[in-house]
Amino acid sequence: MSQRTMVEALNLALHQAMEHDDRVVLLGEDVAKTGGVFRVTAGLLDRFGEERVVDTPLAEAGIIGSAIGMAVYGLLPVVEIQFDVFVYPGFEQIVTHAARYAWRTKGEVPASLVIRIPFGGGVRAPELHSDSPEALFVHVPGLKVVCPTTPNDARDMMLAAIEDPDPVIFMEPKRIYRAGREEVSDELPFALGNGDGRYNEVLSKARVAREGDDLAIITYGPTVPLTIQAAERLAQERGVQARVVDLRSLYPLDVDAIVEAASTCGRALVVHEAPRTAGLGAEVSALIHERAILDLEAPVIRVTGYDVPFPQFANEDDYLPSVDRITAGANKVLDF
Amino acid sequence: MSEILRIIGDGKEIPDAGVPDGLSDKDLVEMYRWLVLLRTFDERAVALQRQGRIGTYALYWGEEATQAGALYACAATDWVFPSYRQNSIGILRGVPAATVLAWWRGFGGVHGFWNPREHRVAPICVPIATHLPHAVGLAWAAKIKHESTASLTWFGDGATSEGDFHEAMNFAAVMKTATVFFCVNNQWAISTPIHKQMATATIAEKGAAYAIPAIRVDGFDPLACWKATKEALERGRAGDGPSLVEAYCYRLKAHGTADDPRLYRDESEAGRWMHLEPVGRMAGFLKRLGIMTAEEEESIRAEAKESIAAAVKEMESIEQPGREILFEHVYASGRPWTFDEGLAELEGVERPPEVKPLGPPTGAGAGEEGKTQ
């Protein structure tokens, strides 16, 4: 056992996956020699060699497109996109090809690859380094989209994503990359490669990050720790116990966990960093209204980023959902 | 760079060169058979579209040499990545012609798609140039696995304007993948002529930017296409990386059945290239060499006609796919819950028994390409 950050937990997962299966290869800009700008892939070049850990030319369509070709030939590529915004040149490859390869081959040749995207704000990054593009991918049939929040989830979900035959967009909240440590075991969390489909379980279930029965707050990734803080404040200030649901899987959504939380609490709030319109919050809200309206005491409210370009960092705190904004949103639902 | 490799003459002013090493008489006749099969498929598909029996179709009439010649140079284990212009290339690798026709008929699922691993033929790429990085990645993967598999991908002159062309060329060169970039320069991208597509005089010279050896060949000459591809594959397998082949030709017909070239070009220009078209030219060459008799030629044509006719029959015997195919094979890991909801919703909806193609257009160009039949 050792205390690990999310970066270290992801690094452990990549070591474990590459150790277990020599079809796993890593591609990306600066992933080999430097171990990635966030060091998620540190040490892998030394351990597995330059054929399997590759510093590529700087071209995201080329990287993702090559990875698709590799997957067709039976490798299991894990691609690192250096920063959220840099995925856009590769978007076409993801939408037209990666997402449709299974469909276009009678299910025989899915594009089995993982595309890792460090995303979101809060790290005082330069302009165009802080987007939250997850809803763009959620809207593309054929993709799975996931986002871990804890080091253990990051490790387990990375192993599952590599096992999963479908293309997985793996959103890594860079704000919590090193925000905290927890015990992450050196042992594998589940058996790899035995065909038991465990990856489906790991990649489709939400988790309750804080128990409570008065208000459901549904969120994921970078806003989970802030939401927990807001829940603590609500408990102190007005004795309200909020249940915080960490979605983990953005597609498919864990509809049962979402509806169960909303029904039990009768009031629900959705929180995310991405812009509001047609974001995950809209989907979660729609699911709750469609399935649990008779249990609701108030409409579902969203606390999100705004429908504006992500600002330069002097203004990013104005844009990002904060503990204050989440608490205010919660009060609005509670006082409806 | 502007020199063009040509082996087969036109029986008149252009003399024949010798048969390249490595091709027996049997190979030459087999290659002719391939050309005829492709031609027959294409002409039949255009006719089917005109009759309202398949949907819009992208034809390749006149480009058979770039397909059959290049494919004939490949090992059976090599992978090929076609664009829609090489839509039927799979039939030379065991993909049923009925499957390709079914795709144009608007059928998906098990009817319109195939397993690429079974034939080493990737799915037809519809967007432009986006399959090029796949060909690179595949050969790259083979290299990682220490296997000698090479990849070949076809694309048009217009595709060289796309970023994916440049990214793929650069990746292949840097990673030294055994990839053949086979550009069919037919000088037209729908209505856009080559001089509006690029400022370079040739496509081959673009290879220099990536340190990729390039060659220009007569794209109507199957043996020139074969020889250039063969040499490119040998370089690739020797570890010397990718090659670029520019097959210079002319788009003799429309871009597709919905296109009317009279709107943007002087069709007499196509007439000036017509005598170079590959099927008649290869037949003339084989007859001049005494390798194929008129009877053999006739029997090859008859056999192709029969085989495509059977494929048409097979395609037309396919029943309208059920609504459940919408939700099949989208995910290899299983069906997400939203699919069950979708299917349940559809079950209560009335549905027409058969969705037919819209049939031929009634505009100015209607019927033009159908005359090739």
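Located above this text is the structure these notes cover.
Please read these numbers as outputs of a predicted model, since none were measured by experiment.

**Details of the overall build of chain B**
Thought 1: Each helix and strand in chain B was counted, giving 13 helices and seven strands.
Thought 2: In terms of overall size, chain B behaves like a compact globule, its C-alpha atoms giving a radius of gyration of 21 Å where 373 residues would be expected to give roughly 21 Å.
Thought 3: By residue count, 58% of the 373 residues in chain B fall in the buried class.
Thought 4: Residue pairs in contact within chain B that sit at least 24 positions apart in sequence constitute 77% of those at least 6 positions apart.
Thought 5: Accessible area of chain B: about 14,900 Å², with a carbon and sulfur share of 53%.

**As for the packing of helix α1 (residues 25-50) of chain B against helix α9 (residues 222-240) of chain B**
Residues and elements named next belong to chain B.
Thought 1: One way to put it is that α1 packs onto α9 with a least axis distance of 11 Å and a crossing angle of 110°. As far as their axial angle goes, α9 and α1 are roughly perpendicular. From α1, L28, M31 and L35 reach across to α9, where they touch P222, L223 and W226.
Thought 2: Split by residue class, the contact of α1 with α9 holds six nonpolar, no polar and no charged.

**Details of the interface of chain B and chain A**
Thought 1: Each partner contributes residues to the interface: chain B has 51 residues there, and chain A has 53 residues.
Thought 2: The contact between chain B and chain A buries some 4,100 Å² in all, and 63% of this surface belongs to carbon and sulfur atoms.
Thought 3: A per-residue breakdown of the area chain B buries against chain A is headed by B:H134, B:Y331 and B:W337, which together make up 15% of the total.
Thought 4: Here chain B is connected to chain A by one salt bridge.
Thought 5: One salt bridge in this structure joins B:E341 and A:R291, with 2.2 Å as the shortest N-O distance.
Thought 6: At the junction of chain B with chain A, the criterion picks out 24 residue pairs in polar contact (both at pLDDT 80 or more).
Thought 7: Broken down by secondary-structure element, the contributors of at least two residues to the side of chain B that touches chain A are β1 (79-81), α4 (109-112), α5 (116-119), α6 (132-144), α7 (163-175) and α13 (337-347) of chain B.
Thought 8: A total of 10 residues in the side of chain B that touches chain A trace back to one element, the largest contributor, which is α6(B).

**Focus on unusual backbone geometry**
Most peptide bonds are trans, and most residues other than glycine sit at a negative phi.
Thought 1: Across the junction of A:Y251 and A:P252, the peptide omega takes the value -5°, indicating a cis bond.
Thought 2: Examined against the element boundaries, A:P252 turns out to sit in the loop between β12 (249-251) and α9 (255-265).
Thought 3: Even without being a glycine, A:A278 presents a positive backbone phi close to 60°.
Thought 4: Mapped onto the secondary structure, A:A278 falls in the loop between β13 (268-275) and α10 (280-292).
Thought 5: A positive phi angle, near 70°, is found at B:Q187, a position not held by glycine.
Thought 6: Inspection of the secondary structure assignment puts B:Q187 in the loop between β3 (179-185) and β4 (188-189).
Thought 7: The buried category is assigned to B:Q187, whose relative accessible area is 11%.

**Here's the deal with the environment of B:R265**
Residues and elements named next belong to chain B.
Thought 1: As for its placement among the helices and strands, R265 is situated in the loop between β7 (243-248) and α10 (267-273).
Thought 2: If sequence neighbours within four positions are ignored, R265 has contacts with W188, Y250, R251, L252, K253 and A270.
Thought 3: A polar contact is formed between the side chain of R265 and the backbone oxygen of R251, at a distance of 2.7 Å.
Thought 4: Among the polar contacts made by the side chain of R265, one reaches the side chain of E267 at a distance of 2.6 Å.

**A word on the nonpolar core**
Thought 1: Counting residues in each nonpolar core, the largest one holds 92 residues, and the members touching the most others are A:I115, A:I117, A:I169, A:I288 and B:F181.
Thought 2: In terms of residue count, α6(B) provides more of this core than any other element does, eight residues in total.
Thought 3: Residues from two domains meet in this core; each of domain 1 (2-202) and domain 2 (207-334) of chain A gives at least three.
Thought 4: Dropping the residues within four chain positions of it, A:I288 is found in contact with A:I218, A:I258, A:A262, A:A268, A:I293, A:L296 and A:V300.
Thought 5: Of all hydrophobic cores here, the second largest spans 84 residues; its members include B:L28, B:I54, B:V245 and B:M282.

**Description of the packing of helix α8 (residues 224-238) of chain A against helix α12 (residues 323-334) of chain A**
Residue and element names in this part refer to chain A.
Thought 1: Contact pair α8 / α12: the axes reach a minimum separation of 9 Å and the direction vectors enclose 55°. When the axis of α8 is compared with that of α12, the two are oblique. Both α8 and α12 take part in a crossing whose hand is right-handed. From α8, L226, T227, Q229, A230, R233, L234 and R238 reach across to α12, where they touch V323, D324, I326, T327, A330, N331 and L334.
Thought 2: Residues that form the contact of α8 with α12 fall into these classes: seven nonpolar, four polar and three charged.

**Re the sheet that holds strand β9 (residues 207-210) of chain A**
Residue and element names in this part refer to chain A.
Thought 1: Read from one edge of the open sheet, five strands run β9-β11-β10-β13-β14, paired in mixed fashion. Each edge of the open sheet is held by one strand with a lone partner, namely β9 and β14 (301-305). Ignoring strand direction, the axes of neighbouring strands in this sheet form an average angle of 25°.
Thought 2: As defined by bridge partners, β9 adjoins strand β11 (residues 242-246) across three bridges and the pair is classed as antiparallel. Bridge pairing in β11 places R210 opposite V244.
Thought 3: The sheet contacts of α8 involve β9, β10 (215-219), β11 and β13, and relative to β9 the element is tilted by about 50°.

**Some thoughts on the sheet that holds strand β2 (residues 151-156) of chain B**
Strand pairs in the sheet, formed through backbone hydrogen bonds, run parallel or antiparallel to each other.
All names here are of chain B.
Thought 1: Strand order across the open sheet formed by five strands is β1-β2-β3-β7-β6, with parallel pairing between neighbours. If you trace the sheet from one side to the other, it starts and ends with β1 and β6 (214-218), each paired once. Going across the sheet, the axis of each strand differs from the next one's by a mean of 20°, ignoring polarity.
Thought 2: Bridging between β1 and β2 involves three bridges; their strand directions are parallel. Following the sheet pairing, W79 is matched in β2 by S151.
Thought 3: Sheet contacts for α6: β1, β2 and β3; angle to β2, the most-contacted strand, approximately 170°.

So, how was this worked out
Residues numbered from 1 in each chain as written. Chains lettered and ligands numbered in written order. Predicted model: local features only at pLDDT ≥ 70, side-chain atom pairs only at ≥ 80, totals over all residues. Heavy atoms only, no water. Helix = DSSP H or I, 4+ residues; strand = E, 2+ residues; numbered from the N terminus. Rg over C-alpha atoms; globule rule 2.2 N^0.38 Å. Buried < 20%, exposed > 50% of the residue type's maximum accessible area, 1.4 Å probe, protein only. Contact = heavy atoms within 4.5 Å. Areas by Shrake-Rupley, 256 points an atom, 1.4 Å probe, with all protein chains shown as cover. Axes fitted to C-alpha atoms, helices over the stretch in contact; angles between N-to-C directions. Parallel < 35°, antiparallel > 145°, perpendicular 65-115°, else oblique. Nonpolar A, V, L, I, M, F, W, Y, C, P; charged D, E, K, R; others polar. Buried area = accessible area lost by both parts, 1.4 Å probe. Salt bridge = Lys/Arg side-chain N within 4 Å of Asp/Glu carboxyl O. Polar contact = N/O pair within 3.5 Å; in protein donor to acceptor, adjacent residues only side chain to side chain. Core = buried A, V, L, I, M, F, W, Y, C linked by side-chain atoms within 4.5 Å. Domains from an automatic or database assignment. Left-handed = near helix turned anticlockwise from the far one by under 90°. Pairing = 2+ DSSP bridges.

So, to be careful, I would describe these as geometric facts and stop short of saying anything about function.
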